[in-house]
Amino acid sequence: MSGIFSMLNVLASSGGAGIVGIRGGSQLFFLTSALMTHALILLHTCWSVVFHAHLDRRQWWAPPIVVASHMLISCLTLFNQSDNPQYAISLVPAFVMLIIFAFWALYVSGLRVRTLKQGVCCCLLTPATGQVFVPAN
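Note that the structure is a prediction, hence the values are computed from the model and not measured.

1. A short note on the confidence of the model for the protein
So, point 1. Scored by pLDDT, the protein comes out at a mean of 80, with 69% of its residues at no less than 70.
So, point 2. Per-residue pLDDT, averaged within each element of the protein, yields its smallest value for helix 1 (residues 2-14) (63) and its largest for helix 3 (residues 62-76) (95).

Here it is as structure tokens:
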């Protein structure tokens, strides 16, 4: 849902002839809006996985971290509202946070290095024949 609202705001800003950059705005507006939307959609997915996994396990320390990181990323986007937008201040932390929370979400979902190796080795190629092998369920 956040992606839809974000893209609707971008589309509303793009309406009309020559809106972007006409009053000294950045020419990178659409690119940074697309990247930020991408990061926020994936972050919301990871935040949901981490938040609910820890609530199910009754580990009360993790949900406040999720909420605080959400607030941090949301507040960093306010730097994009000025006359001289600082896109790097919001984009870089968003993608760093995305990497951190993606690994955290994968970890709480049960992904381990051992299971990743088994999945890659089992599903790609069998060493003896070199043919694609997909195990039956």
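2. Regarding the packing of helix 2 (residues 29-56) against helix 4 (residues 87-108)
So, point 1. At a minimum axis separation of 8 Å, helix 2 and helix 4 run at an interaxial angle of 30 degrees. By the angle class used here, helix 2 and helix 4 are roughly parallel. Between helix 2 and helix 4 lies a crossing of left-handed hand.
So, point 2. By residue class, the composition of the contact of helix 2 with helix 4 is 22 nonpolar, four polar and no charged.

3. Points about the nonpolar core
So, point 1. Of all hydrophobic cores here, the largest spans 21 residues; its most connected members are Met-36, Leu-43, Trp-47, Val-50, Ile-73, Phe-101 and Trp-104.
So, point 2. For this core, the secondary-structure elements that each account for two or more residues are helix 2, helix 3 and helix 4.
So, point 3. If one sorts the elements of this core by residue count, helix 4 sits on top with nine residues.

4. With respect to the packing of helix 2 against helix 3
So, point 1. Across the interface, helix 2 lies against helix 3 with an axial gap of 9 Å and an inter-helix angle of 165 degrees. Classed by the angle they form, the pair helix 2 and helix 3 counts as roughly antiparallel. Like other packed secondary-structure pairs, helix 2 and helix 3 cross with a definite hand, here left-handed. Every residue of helix 3 that contacts helix 2 at Met-36, Leu-40, Leu-43, His-44, Trp-47, Val-50, Phe-51, His-54 and Leu-55 is listed here: Ala-62, Pro-63, Val-66, Val-67, Ser-69, His-70 and Ile-73.
So, point 2. In terms of residue class, the contact of helix 2 with helix 3 is made up of twelve nonpolar, four polar and no charged.

5. Re helix 3
So, point 1. Taking 1.5 Å of rise per residue, 15 residues should cover 21 Å, and helix 3 covers 21 Å from first to last C-alpha, within 8% of that figure.
So, point 2. For helix 3, the set of buried residues is Ala-62, Pro-63, Val-66, Ser-69, Ile-73 and Leu-76. The arc that holds every buried residue of helix 3, seen down its axis, measures 160 degrees, which confines them to one face. Facing away from the buried side of helix 3 by over 90 degrees, the exposed positions are Val-67 and Met-71.
So, point 3. Its buried side turned inward, helix 3 meets helix 2 and helix 4.

The rules behind these values
- Residues numbered from 1 in each chain as written.
- Predicted model: local features only at pLDDT ≥ 70, side-chain atom pairs only at ≥ 80, totals over all residues.
- Heavy atoms only, no water.
- pLDDT = per-residue confidence, 0-100.
- Helix = DSSP H or I, 4+ residues; strand = E, 2+ residues; numbered from the N terminus.
- Axes fitted to C-alpha atoms, helices over the stretch in contact; angles between N-to-C directions.
- Parallel < 35°, antiparallel > 145°, perpendicular 65-115°, else oblique.
- Left-handed = near helix turned anticlockwise from the far one by under 90°.
- Nonpolar A, V, L, I, M, F, W, Y, C, P; charged D, E, K, R; others polar.
- Core = buried A, V, L, I, M, F, W, Y, C linked by side-chain atoms within 4.5 Å.
- Buried < 20%, exposed > 50% of the residue type's maximum accessible area, 1.4 Å probe, protein only.
- Contact = heavy atoms within 4.5 Å.
- Expected span 1.5 Å × (residues − 1).
- Arc of directions from axis to C-beta.

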